[in-house]
Structures are given as C-alpha cells and as structure tokens.
Amino acid sequence: MMAGESGLVLIASFPKSGNTWVRLALASLMRGGAPLSFPAPVPDIPICASRLRFDELMGVESADLTPMEAYRLRPAMLRQWAATPSEPRILKVHDAWGRTPDGESLFPPEVIRAVVHVVRDPRDVCVSFAAHLDVSIETSARYLSQGLWMARGSRPVIQLPQWLPPWSEHVLSWAEDCPCPVLTIRFADMRADPRGTLARIAHHIGLDSPADALDRAVAATTLEAMAAAERRFGFVERQSKNNQFFGSGRVGGWRGVLSQPLGDSIREAHAAAMTRVGLNE
C-alpha cells in the first residue's frame, strides 16, 4: 500500500496526544516491523505543514510569503501533494479540520482517503505539552482553553503556520466536522492494547498488517523503546533542551502534577468533547 495509492491518509491530533507514536508504529509496520533509525525515524510520514514540501510542490519560497499567504495556499499544496505519486501518502497533521480565511477547506476532502484521529485526556495533554514547549503548566492550560498559532513567529521555521483552536474545538472538528472516513483512536487504547489498536488503524487506512509484522512493529515502538532510543541518539522533533520528547506516557499521569483545582477546571471546560470521543472512562 501507499506508493501510488490514490488519496492521502491523515494522522490528526492536538499536539502531544500520541500522533508521533502512531506514526512510528505505522512506519515500522510499513517496513515489516523493522526497528526505526533515530534521530529521524519517520521520513516517510512527514508533517503536512512542512515548509520544504511546500516550497518543492508549489514552486515558491514560503519564506517570501506572509504567514497568512502561505496558510491560504495550503489547500493547493495538498492537491499537488496528492497528485505527485512520489510523495508520501501518510501525513502528520496538528491543525484542526477547518477552512482558510477564503472559505476553502484546509484539507480538500476529494484528496483525503482516510483519517486517523488520535485523542488523549486533555489533562495529560496539558502536562505533556508544557514539557514539550518548556512552558509552565498554567501556560499550557491556557493554550488548551484559548488556542494558539504554531510556527507563526517573526522568522521562518521548518513548519508552516498551524492554527490550534481550543482543545474541545480541535477535537470536535475532526470527530464531527470532517466529512472523510475518520477512525478515532484514544491514547489509552494504544497503551492498553497496542497490537489490537495498530491492527485497527492499519485496516482503516488499507495497510497490509501480517501478524508477525504487527508483533515486531509493536515490540519495536513501545514508548519505553522510543524513550531509550531518544536518550541514546536524540530525536529530530524534540523542541525543549530540558525535556525529552517521549515521556512516561502514563494514562492519568496528570494526577500529582496538576493541582486539583486546575485539573477540575480543565475537565469541566472540556467535558462535552471528552464525552464525545470516549475520554470519560
């Protein structure tokens, strides 16, 4: 599957929800369950907001555009991506499902074959996002409640601007607004049953998943194995010098880190969306 396959597959999530873990597991599975090469183990599943891919596909230098000009061109970029057989078919996405200021779908449905939507308890996201960005827990909680632009600084970075609305809006945009075939996967599912969850993902996106390859891929991409590889070789997506990209991944790990009032306020603010995607258990 994938090479020359019609349509793109999106692995979509709010940051620090398990997107990279899913990508790593799929990358290993696509290679028959082979171990991955750190510090850059997933070149065949890039982020769709890559500046390098934008520049190559669109034939313009994104650095010469304003952030909003580049944002408006992203639908055209995805159409060109889908029309280029040599480009990877699976893409990482942190944007919400939404529209550009011109009213055009950011992800044109006609070029999207399937979506894997990864969700995680927002309280755990808050803790992990704070470590990833090296900001305070309170700042991370504010991002979850108010939203933020990623990669929209005064000087170009390796990614194009990405709008992250508040956590609930972000989650519901994929769970309710996206017209493409969506499979919602909880981070807790990956922890509790990584093999079964990976098999479900592979089936949804049309990826061959022989039993032996599944076993090897799961063994090669445990969070513990990924954390050990990062400590030894580094990891290209790590942003903070003070914290590893791969944390403990403990479900409910927010307890003992967030204050009870802050944990309660996040839970109250996002209760409806949490219920919609099965995060109230």
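Scroll up for the structure.
Residues numbered from 1 in each chain as written. Predicted model: local features only at pLDDT ≥ 70, side-chain atom pairs only at ≥ 80, totals over all residues. Heavy atoms only, no water.

> So what's going on with the overall build of the protein? Residues and values would help.
Looking only at helices and strands, one finds 13 helices and 6 strands in the protein. Within the protein, the proportion of its 281 residues that are buried is 53%. Residue pairs in contact within the protein that sit at least 24 positions apart in sequence constitute 70% of those at least 6 positions apart. Counting every atom, the protein has about 12,200 Å² of accessible surface; 51% of that belongs to carbon and sulfur. (Helix = DSSP H or I, 4+ residues; strand = E, 2+ residues; numbered from the N terminus. Buried < 20%, exposed > 50% of the residue type's maximum accessible area, 1.4 Å probe, protein only. Contact = heavy atoms within 4.5 Å. Areas by Shrake-Rupley, 256 points an atom, 1.4 Å probe, with all protein chains shown as cover.)

> Describe the sheet that holds strand 1 (residues 8-12), and please don't skip the residues or the numbers.
Here we have 4 strands laid out as an open sheet, ordered 2-1-3-6, and parallel in their pairing. The two strands at the open ends of the sheet, each matched to only one other strand, are strand 2 (90-93) and strand 6 (182-186). Strand-to-strand twist of the sheet, defined as the mean angle between neighbouring strand axes without regard to direction, takes the value 20°. Strand direction decides the pairing type here: strand 3 (residues 112-119) and strand 6, joined by 5 bridges, are parallel. Across the sheet, V119 pairs through a bridge with R186, a residue of strand 6. Helix 7 (residues 167-177) rests against strand 1, strand 2, strand 3 and strand 6 of the sheet, and its axis sits at about 140° to strand 3. (Pairing = 2+ DSSP bridges. Axes fitted to C-alpha atoms, helices over the stretch in contact; angles between N-to-C directions.)

> Just give me the short version of the packing of helix 1 (residues 19-30) against helix 10 (residues 211-220), but keep the residues and values in it.
Where helix 1 meets helix 10, the axes come as close as 9 Å, and the angle between the chain directions of the two elements is 140°. Between helix 1 and helix 10, the angle is such that the two are oblique. By crossing handedness, the relation of helix 1 to helix 10 is classed as right-handed. Across the interface between the two elements, A25, S28 and L29 of helix 1 pack against A213, L214, A217 and A220 of helix 10. Considering only residue class, the contact of helix 1 with helix 10 consists of 6 nonpolar, 1 polar and no charged. (Parallel < 35°, antiparallel > 145°, perpendicular 65-115°, else oblique. Left-handed = near helix turned anticlockwise from the far one by under 90°. Nonpolar A, V, L, I, M, F, W, Y, C, P; charged D, E, K, R; others polar.)

> Go over the pattern of salt bridges, please, and point to the residues and values.
Under the definition given, this model contains 12 salt bridges. Notably, a salt bridge pairs D215 with R195, separated by 2.5 Å at the nearest N-O pair. With D215 in helix 10 and R195 in helix 9 (residues 194-205), the pair connects residues that are 20 residues apart, well separated along the chain. Classification of D215 as partly exposed rests on a relative accessible area of 41%. Classification of R195 as partly exposed rests on a relative accessible area of 33%. (Salt bridge = Lys/Arg side-chain N within 4 Å of Asp/Glu carboxyl O.)

> Account for the side chain of S128, with residues named and values stated.
Counting through the fold element by element, S128 comes out in helix 5 (residues 122-133). Residues contacting S128, with those up to four places away along its chain left out, are K16 and R120.

> Explain helix 10 residue by residue, including any values.
Those residues of helix 10 that fall on the buried side of the exposure criterion are A213, L214, A217, V218 and A220. For helix 10, the buried positions fall inside an angular range of 165° around the axis, keeping them on one side. (Arc of directions from axis to C-beta.)

> How would you sum up the packing of helix 9 against helix 10? Please name residues and give values.
Interaxial distance between helix 9 and helix 10 falls to 10 Å at its minimum, and their mutual angle equals 120°. It follows that helix 9 is oblique to helix 10 by the angle criterion. Judged by the twist between their axes, the crossing of helix 9 over helix 10 is right-handed. Here P194, R195, L198 and A199 of helix 9 lie close against helix 10, whose contacting residues are A211, L214, D215, A217 and V218.

> Which residues make up the packing of aromatic side chains, and what values go with them?
Taken as a whole and judged by the stated rule, the model has 8 aromatic pairs. Summarising the aromatic geometry, the rings of F14 and F129 are spaced 5.8 Å apart at their centres and angled 75° between planes, so their arrangement reads as edge-to-face. Here the residue F14 occupies a position in the loop between strand 1 and helix 1, and F129 occupies one in helix 5, the gap between them amounting to 115 residues. In this structure, F14 and F129 share a single accessibility class: buried. With a centroid separation of 5.5 Å and an interplanar angle of 50°, the aromatic rings of F107 and W174 are classed as tilted. Of the two residues, F107 sits in the loop between strand 2 and strand 3 while W174 sits in helix 7, which places them 67 residues apart along the sequence. For F107, a relative accessible area of 0% puts it in the buried group. Look at W174 and you get buried, because its relative accessible area is 0%. Among the aromatic residues, ring-to-ring pairing joins F14, F129 and Y143 into one connected group. Above the face of the F187 ring, R120 is positioned so that its terminal group lies 4.1 Å from the ring centre. (Phe/Tyr/Trp six-rings, centres within 6.5 Å; stacked < 30°, edge-to-face > 60°. Lys NZ or Arg CZ within 6 Å of the ring centre and 35° of its normal.)

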